[in-house]
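So you can see what is in the structure, the chains are spelled out below.
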Amino acid sequence: SPGWASLKAGASNEATYMSHGMAYVSSALKARGHLAWLLDMRSCRSWPDFARRLAAEEYDVAFLGFLSHDAFTAAGVVRVLKEVHPSRPVIVGGLHVSVCEDKVFPPDALAEFWLHKDPPQQLRSFLEWKCEPVYDPAKFPKADCVVWNEAEIAACALAEKVAAGESIPDFVNAGNIPDLNETPHADRDLFDCEIEAATPLLPFLPRPFFTITFGRGCPFKCGFCNIAVQLSSSSVRLIKPDYFLDELQQLHDRFGRIGSLMIHDDILLYPKWLASWNAEIRRRWGYVPYWCQMRADFICKFPDLMREMAEAGMSWVSIGLESGSQRLLDLLVKQTTVDQNVEACAILEALGVNVFGNWMLGLPTETPEDVAATADMMRRIKPGFHSASIYCDYPGTSLSRYLIKNGLLLPEWYTLSHYPWQRSVKGVDYELALRTRGQVTSEFPNRPQRPRLWPDGMSVT
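Now for a description of the structure that goes with this document. Just so you know, these numbers come straight off a predicted model, no measurement behind them.

1. Describing the pairing of strand E1 (residues 62-65)
The alternating pattern of E1 places Ala62 and Leu64 on a buried face and Phe63 and Gly65 on a face that is not buried. Sheet topology note: the E1/strand E2 (residues 90-93) ladder contains four bridges and is parallel. When the bridges of E2 are listed, Gly65 appears paired with Gly93.

Okay, here's the thing in structure tokens:
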């Protein structure tokens, strides 16, 4: 999604950071004696470059994982894999496949992926591809196997079948949930970890910078995401403190220090655990700046914990503010209020912690009054960074089912990206949404501030 040759550009987290899902699959495979290697498409210059690099490699089986907004790109990848190495099995998985198998693979047969691009031109060979083609879905090659849910265990079983010369099944439901505290740490060497270490994206996150996973699963049931009821393995599992700190220690030993961290997923489920973890961070390494994600209602409920976290290094907090319209927050099943959004940001502001404010326009049933309410909320909050999106429909969510039931979705190829030029829903005034988004971010541009508890003499880079 960030485009060709984007890996070292540092323009977005999609363009720079490692995929922890792929890294955990790799570490599981290596622990079982297999070899794992990655062709990172972000390092390729074009489809022909990708195909040429693939053709130069030897491998036994290809694993492809992707999110919904990369589904069309994944279609092209399957096409390349089957053309360049037609005898090698292709296994697909990832969140899109797990939550949306009816759109990816119909029940009567493995589905044909398809790609919709302009200008239309039939492809003779990917190695000679000079522009984007259009394919007939009926003629598009099929993946050999689909993996639903978390793939560490299933990937090892499938790799062993291939190594033994056995046939692989069409579908695998991973079923068994991996114990996060028994799995090897993410295989950072699968990616160019030096790029991530040098690219924190936000100010006041010194290098070397690392992304790290705090756990899996989600207890909430937001209608626009709703991952808690989409996956059979969605039970909330946090990594134990010793396991988490061991990974940090390995990073410290390898790079000489921990500059800063980005902690994936909501860091909010066990307040006592968080307090002890922050105390251990301070004991071992002192002040370690980090960027994490929290809900507004949690911040309001635990203001004292927020201070402890700020003292340990919390410099940025991503908050899903979403909307300044309570009616739309209720439609989104966010289970927060506009007042909580404002209060949470005020608590962080008082501690000198920067807010990474996620907010949306272009929501289903949105009125001009809703747009104005969201703009007013963001003017009151004035976050350190505006992460302003236009709503996109993610398949499998309760809100998506509502849109389908009421005939409100635009054709599917418009609905799989969160980028601001996207169009998803019928009846939305996208011109008003984009105009308002631009006005708010122009009136109150990003204003990152040095955290108030930042130690004297500590470098911000």
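2. Re the side chain of Arg295
The topology assignment puts Arg295 in the loop between strand E9 (290-294) and helix H12 (296-301). What makes Arg295 buried here is its relative accessible area of 6%. A polar contact of 2.9 Å, which involves the side chain of Arg295, links it to the backbone oxygen of Lys334.

3. Comments concerning the pattern of salt bridges
Counting across every chain of the model gives 21 salt bridges. One salt bridge in this structure joins Glu150 and Arg216, with 2.5 Å as the shortest N-O distance. In this pair, Glu150 is assigned in the loop between strand E3 (145-148) and helix H7 (152-163) and Arg216 in strand E6 (residues 215-216), connecting sequence segments 66 residues apart. Exposure remark for Glu150: the relative accessible area of 14% places this residue in the buried category. For Arg216, a relative accessible area of 17% puts it in the buried group. In the salt-bridge network here, residues are joined through shared partners; they are Glu150, Glu152 and Arg216.

4. A few points about the environment of Ala372
Of note, Ala372 is situated in helix H16 (residues 368-381). Once the C-alpha coordinates of Ala372 and Gly324 are considered, the two residues, 48 residues apart in sequence, prove to be 8.2 Å apart.

The rules behind each value
- Residues numbered from 1 in each chain as written.
- Predicted model: local features only at pLDDT ≥ 70, side-chain atom pairs only at ≥ 80, totals over all residues.
- Heavy atoms only, no water.
- Buried < 20%, exposed > 50% of the residue type's maximum accessible area, 1.4 Å probe, protein only.
- Helix = DSSP H or I, 4+ residues; strand = E, 2+ residues; numbered from the N terminus.
- Pairing = 2+ DSSP bridges.
- Polar contact = N/O pair within 3.5 Å; in protein donor to acceptor, adjacent residues only side chain to side chain.
- Salt bridge = Lys/Arg side-chain N within 4 Å of Asp/Glu carboxyl O.

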